[in-house]
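Below, each chain spelled out in residue letters.
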Amino acid sequence: MTVLDFDYLRKFLRERSGLVLAPDKQYLAESRLLPVARTAGLVGVAELVQTLRRSDSETLAAQVVEAMTTNESFFFRDRIPFEQFRDTIMPELVARRASRRRIRIWCAAASTGQEPYSLAMSLRELGERISDWRIEIVATDISNEVLEKARSGIYSQFEVQRGLPIALLLKYFTKVGDNWQIAPDIRAMVQFRALNLIGDFAHLGLFDVVFCRNVLLYFDQETKSRVLDRIARVTDRDGYLVLGAAETVVGLTTTFRPIVDRRGLYAPTAPAAGAETRAKTVPSLRVVAATG
């Protein structure tokens, strides 16, 4: 792959997915894209890039983006956001939403599903405190491949050992051969959808909580600002935004403000667009109190 080929690829990835590939990452691009080239019957990455230049194949374009997307995820990753979800976010939302008894949560970079399933298990562990509430978890990702894995709810021994407490493994998973599958009722709590964060997502409706962790760090400053501003428009006026430990809204947008002493937790600074008349949403799921 020539320098010009790599420059084209960097521009292609930024326009398609917001992904910023550093100038010194050519080796990474070549290693990840060589299998894509071979699957497409092409000689190598250079021919793959040339095909991208000449072709309008959405399938090939999607395969290139998926190959270059980082899909690192594990259960209860970084721990603190989930403790804040249990100890701060949910108690406050339960108090504020007592009249309508409904909460919507969006995982904006769901990858292989560990984050939304961690939230689903956390909700189930709340038991009678949210019995008969309608809780909806929408989980999105740009990659159809990882979404298929997420929908299956099947994880390897290594994956369930990363962050998942043994008590929750035994309570909510079943052994399937050498793997583990999360319980059907937990899977049913999450709706997985393909979504590109640099595209339009207003159709998703309004959310009380948005988890957008460890994805903005792959974008440039301009893209980060645009995505955060649009997230603000789908976050309810008294809702929450949760970012990764290495991410912040400071210097990027004035639509969110940090919450004091709550690392990675942010609140909207102004009413969300459409907050007066809540957007139409897909049917939500009823959370049943956990037993046993």
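All of these numbers come straight from a predicted model, not from anything done at the bench.

**Details of unusual backbone geometry**
Negative phi is the rule for most residues except glycine; trans is the rule for most peptide bonds. Positive phi is not limited to glycine here, since Arg-79 has a value of about 60 degrees. Following the sequence through the fold, Arg-79 ends up in the loop between α4 (58–68) and α5 (80–96). We note that Asp-261 has phi near 65 degrees; this positive angle belongs to a residue other than glycine. By secondary structure assignment, the location of Asp-261 is in the loop between β9 (256–258) and β10 (265–268). The class of Asp-261 is exposed, set by a relative accessible area of 68%.

**Re the packing of aromatic side chains**
This structure, assessed with the given rule, holds 9 aromatic pairs. With 5.7 Å between their ring centres and 90 degrees between their planes, Phe-75 and Phe-173 make a pair best called edge-to-face. Placement of Phe-75 in the loop between α4 and α5 and of Phe-173 in strand β4 (residues 173–176) is noted, with a sequence separation of 98 residues between them. With a centroid separation of 5.6 Å and an interplanar angle of 70 degrees, the aromatic rings of Tyr-117 and Phe-192 are classed as edge-to-face. Of this pair, Tyr-117 sits in helix α6 (residues 114–125) while Phe-192 sits in strand β6 (residues 190–194), and the two are 75 residues apart along the sequence. Given the relative accessible area of 0%, Tyr-117 is considered buried. By way of ring pairs, the aromatic residues Phe-76, Phe-82, Phe-85 and Phe-211 are connected into one cluster. Over the ring of Phe-207 we find Arg-104, and its NZ or CZ is 4.2 Å from the ring centre.

**Re α6**
The first and last C-alpha atoms of α6 sit 16 Å apart over 12 residues, in line with the 16 Å expected at 1.5 Å per residue. Buried residues dominate α6, accounting for 11 of its 12 residues. Buried residues of α6: Gln-114, Glu-115, Pro-116, Tyr-117, Ser-118, Leu-119, Ala-120, Met-121, Ser-122, Leu-123 and Arg-124, and no others. Trailing α6 by a residue or two, Gly-127 shows a phi angle of about 60 degrees, which is positive.

**Quick notes on the pairing of strand β7 (residues 207–212)**
A large share of β7 lies buried, amounting to 6 of its 6 residues. Alignment of β7 against strand β8 (residues 235–243), held across 5 bridges, turns out to be parallel. The partner of Val-209 across the bridge, within β8, is Tyr-240. With respect to chirality, the unit in which β7 leads through helix α11 (residues 221–233) into the neighbouring parallel β8 is right-handed.

**Description of the sheet that holds strand β5 (residues 179–182)**
What links the strands of a sheet is backbone hydrogen bonding, and the strands pair in either a parallel or an antiparallel sense. If you trace the 3 strands from one edge of the open sheet to the other, you get β3-β5-β4, paired in antiparallel fashion. Edge strands, defined here as strands with exactly one partner in the open sheet, are β3 (154–155) and β4. Relative to β5, β3 is paired through 2 bridges, and the arrangement is antiparallel. Each residue of the ladder has a partner; that of Tyr-155, found in β5, is Trp-180.

**Focus: α4**
When we look at burial in α4, the residues that qualify are Leu-60, Ala-61, Val-64, Val-65, Glu-66 and Met-68. Buried residues along α4 sit against α1 (3–17), α2 (26–39), α3 (45–54) and α7 (144–152).

**Looking at the confidence of the model for the protein**
On average, residues of the protein carry a pLDDT of 87, and 92% of them reach 70 or more. Note that pLDDT drops below 50 for residues 273–292; the model gives that stretch 55 contacts with residues more than four away or on any other chain.

**Focus: the pattern of salt bridges**
Overall, the coordinates contain 20 salt bridges when judged by the stated rule. For the salt bridge of Arg-213 with Asp-78, the shortest nitrogen-to-oxygen distance reads 3.5 Å. Within this pair, whereas Arg-213 is found in the loop between β7 and α11, its partner Asp-78 is found in the loop between α4 and α5, the two being separated by 135 residues in sequence. Judged by its relative accessible area of 7%, Arg-213 falls in the buried class. Between Arg-79 and Glu-83 there is a salt bridge, with the nearest N and O atoms lying 2.6 Å from each other. The class for Glu-83 is partly exposed, based on a relative accessible area of 27%. Look at the salt bridges and you will find they share partners, linking Arg-97, Arg-100, Asp-208, Asp-236 and Asp-238 into a network.

Rules of the game
- Residues numbered from 1 in each chain as written.
- Predicted model: local features only at pLDDT ≥ 70, side-chain atom pairs only at ≥ 80, totals over all residues.
- Heavy atoms only, no water.
- Helix = DSSP H or I, 4+ residues; strand = E, 2+ residues; numbered from the N terminus.
- Buried < 20%, exposed > 50% of the residue type's maximum accessible area, 1.4 Å probe, protein only.
- Phe/Tyr/Trp six-rings, centres within 6.5 Å; stacked < 30°, edge-to-face > 60°.
- Lys NZ or Arg CZ within 6 Å of the ring centre and 35° of its normal.
- Expected span 1.5 Å × (residues − 1).
- Pairing = 2+ DSSP bridges.
- Right-handed = clockwise from strand over helix to strand, strands pointing away.
- Contact = heavy atoms within 4.5 Å.
- pLDDT = per-residue confidence, 0-100.
- Salt bridge = Lys/Arg side-chain N within 4 Å of Asp/Glu carboxyl O.

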